[in-house]
Amino acid sequence: MDRHKHCREGWFLPGLVILAIAIVGVLHGSVARAEWHGELVFLSDYLYRGYSKNRSNPLAQGRIDYQDTSGWFAGLGISQVSFDDRRYKNYADVEIKPYIGWSLPLNANWRAEMMAAGYIFDGKIFGKYADYAELYALLHYQDWFTGSVSVAPNAYQRDATVMNYEIKYRRDILDNLQLSLGLGYFQADALLEADYFYWNAGVSWYLTPNLALDMRYVDVNLDHQKEVDYHHHEFYPRLLENKFLFSLTLGF
């Protein structure tokens, strides 16, 4: 399969997400009926489901989000990335994440949400084009509990279907201090030769209404007795065990 065919396949599903975002912008483009939000984040590492997308190095991320009063929302995120694949040519340095979804209030306390997202990279991941799409279903209780299920039919274009289950808890301790906990189960044996639990716990200190400092402990539950024979064509990110992470978020 030639390089151009890989590119067409890699961009197809994320391209549909971008197209959908453009359609929503046209259909629901009235500023009076919408809310725009954004944030700029500086992090000590890019934690994603128990593994690092930046080799435990500091990085910057940005995101802009559109929310319509009818329940539709869309946005675009961008992040630095750096996997342990520097020996390959044309490795990725940037990840772009377009997303679109719909939020539906069920009653005064509960809210359901459906979302589709794309992960687009400016180069290869471990020597292969890796753009892919993921579908999410979420359930929120007020502002302090979220449960989610997601599926990626062809994660990182490795012919691997992976699923992720996650719950998050948030609670204000003080007016400017919030406790948050997260627990997830990544069903990723087809991609990483392992299914595992991961979790985090931390506090966010709101220095101002738009500026927050976060400190977080993260860990994963792995079977260290399992021998994994990785090959050059496989995807093997750096898993984060027993780490502390820090971030500074500026919202607008």
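Residues numbered from 1 in each chain as written. Predicted model: local features only at pLDDT ≥ 70, side-chain atom pairs only at ≥ 80, totals over all residues. Heavy atoms only, no water.

Across 7 bridges, strand S4 (residues 59-68) lies against strand S5 (residues 72-80) in antiparallel orientation. Note that in S5 the partner of Gln61 across the bridge is Ser79. With antiparallel pairing between neighbouring strands as the criterion, S4 and S5 make up a hairpin whose turn holds 3 residues, including Gly71 at a positive phi of roughly 115°. Strand direction decides the pairing type here: S5 and strand S6 (residues 94-105), joined by 9 bridges, are antiparallel. In the sheet register, Leu76 faces S6, and the bridge partner there is Pro98. (Pairing = 2+ DSSP bridges. Helix = DSSP H or I, 4+ residues; strand = E, 2+ residues; numbered from the N terminus.)

Moving on, we get to empty space enclosed by the protein. A full pass over the atoms with the stated rule returns 1 cavity of 30 Å³ or more. Roughly 30 Å³ of internal volume is contained in the largest cavity. For the lining of the largest cavity, the residue count by class is 8 nonpolar, no polar and 2 charged. (1 Å grid on protein atoms, 1.4 Å probe; cavity = no way out; pocket = protein on both sides within 12 Å on 5 of 7 lines; lining within 4 Å. Points joined across faces, edges and corners; volume = space filled by probe spheres on them. Nonpolar A, V, L, I, M, F, W, Y, C, P; charged D, E, K, R; others polar.)

Tallying each qualifying case throughout the model produces 18 aromatic pairs. Here the aromatic rings of Tyr48 and Tyr119 are separated by 6.1 Å at their centres, their planes lie at 70°, and the arrangement is edge-to-face. With Tyr48 in strand S2 (residues 47-48) and Tyr119 in strand S7 (residues 110-121), the pair connects residues that are 71 residues apart, well separated along the chain. Just as Tyr48 is buried, Tyr119 falls in that class too. Relative to Tyr156, the ring of Tyr132 lies with its centre 4.8 Å away and its plane at 45°, an arrangement referred to as tilted. Of this pair, Tyr132 sits in strand S8 (residues 132-141) while Tyr156 sits in the loop between strand S9 (145-152) and strand S10 (162-174), and the two are 24 residues apart along the sequence. As far as burial versus exposure is concerned, Tyr132 and Tyr156 are alike and both buried. The rings of Tyr48, Tyr51, Phe83, Tyr119, Phe121, Phe126, Tyr132 and Tyr156 are connected pair by pair, giving a single aromatic cluster. Over the aromatic face of Tyr48 sits the side chain of Lys53, whose NZ or CZ is 3.9 Å from the ring centroid. Over the ring of Trp144 we find Arg171; its NZ or CZ atom is 4.9 Å from the centre of that ring. (Phe/Tyr/Trp six-rings, centres within 6.5 Å; stacked < 30°, edge-to-face > 60°. Buried < 20%, exposed > 50% of the residue type's maximum accessible area, 1.4 Å probe, protein only. Lys NZ or Arg CZ within 6 Å of the ring centre and 35° of its normal.)

All right, on to the side chain of Ser103 then. Within the element layout of this structure, Ser103 appears in strand S6. A distance of 3.2 Å separates a polar atom in the side chain of Ser103 from a polar atom in the side chain of Arg111. Ignoring anything within four residues of it in the chain, the contact list for Ser103 reads Gly71, Phe73, Arg111, Ala112 and Glu113. (Polar contact = N/O pair within 3.5 Å; in protein donor to acceptor, adjacent residues only side chain to side chain. Contact = heavy atoms within 4.5 Å.)

The subject of this paragraph is the sheet that holds strand S3 (residues 51-52). Taken in spatial order, the 3 strands make up an open sheet running S2-S3-S14, and their pairing is antiparallel. Bordering the open sheet on either side are S2 and strand S14 (238-239), each of which pairs with just one other strand.

The topology assignment puts Ile120 in strand S7. With a relative accessible area of 2%, Ile120 lands in the buried category. Sequence-wise, Ile120 and Ala133 are 13 residues apart; in three dimensions their C-alpha atoms are separated by 8.7 Å.

A cluster of nonpolar residues, Leu40, Phe42, Trp205, Leu207, Leu213, Leu248 and Leu250, forms a patch on the protein surface that exposes about 590 Å² of accessible area. Looking at the nonpolar patch, the elements with two or more residues in it are strand S1 (34-43), strand S12 (195-208) and strand S15 (243-251). Here Leu248 is to be found in strand S15. (Patch = residues over 30% accessible without salt bridge, like charges linked within 9 Å, V, L, I, M, F, W, Y side chains within 5 Å. Areas by Shrake-Rupley, 256 points an atom, 1.4 Å probe, with all protein chains shown as cover. Salt bridge = Lys/Arg side-chain N within 4 Å of Asp/Glu carboxyl O.)

Now for the side chain of Asp219. By the element assignment, Asp219 lies in strand S13 (residues 211-221). Lys243 provides the closest opposite charge to the buried, salt-bridge-free Asp219, at an N-O distance of 9.7 Å. Within the structure, Asp219 has its side chain in polar contact with the backbone nitrogen of Asn242 (distance 3.1 Å). Setting aside anything within four residues of it in sequence, one finds Asp219 in contact with Tyr198, Trp199, Leu240, Glu241 and Asn242. (Lys, Arg positive; Asp, Glu negative; His and termini not counted.)

This paragraph deals with the pairing of S7. In summary, the side chains of a regular strand alternate between the two faces of the sheet. Pairing analysis gives 9 bridges linking S6 to S7, with the strands arranged antiparallel. By the bridge assignment for S7, Ser103 is matched with Glu113. Following S6, the chain reverses through 4 residues before pairing antiparallel with S7. Bridge analysis of S7 against S8 gives 10 bridges, and the strand direction is antiparallel. By the bridge assignment for S8, Ala116 is matched with Leu135.

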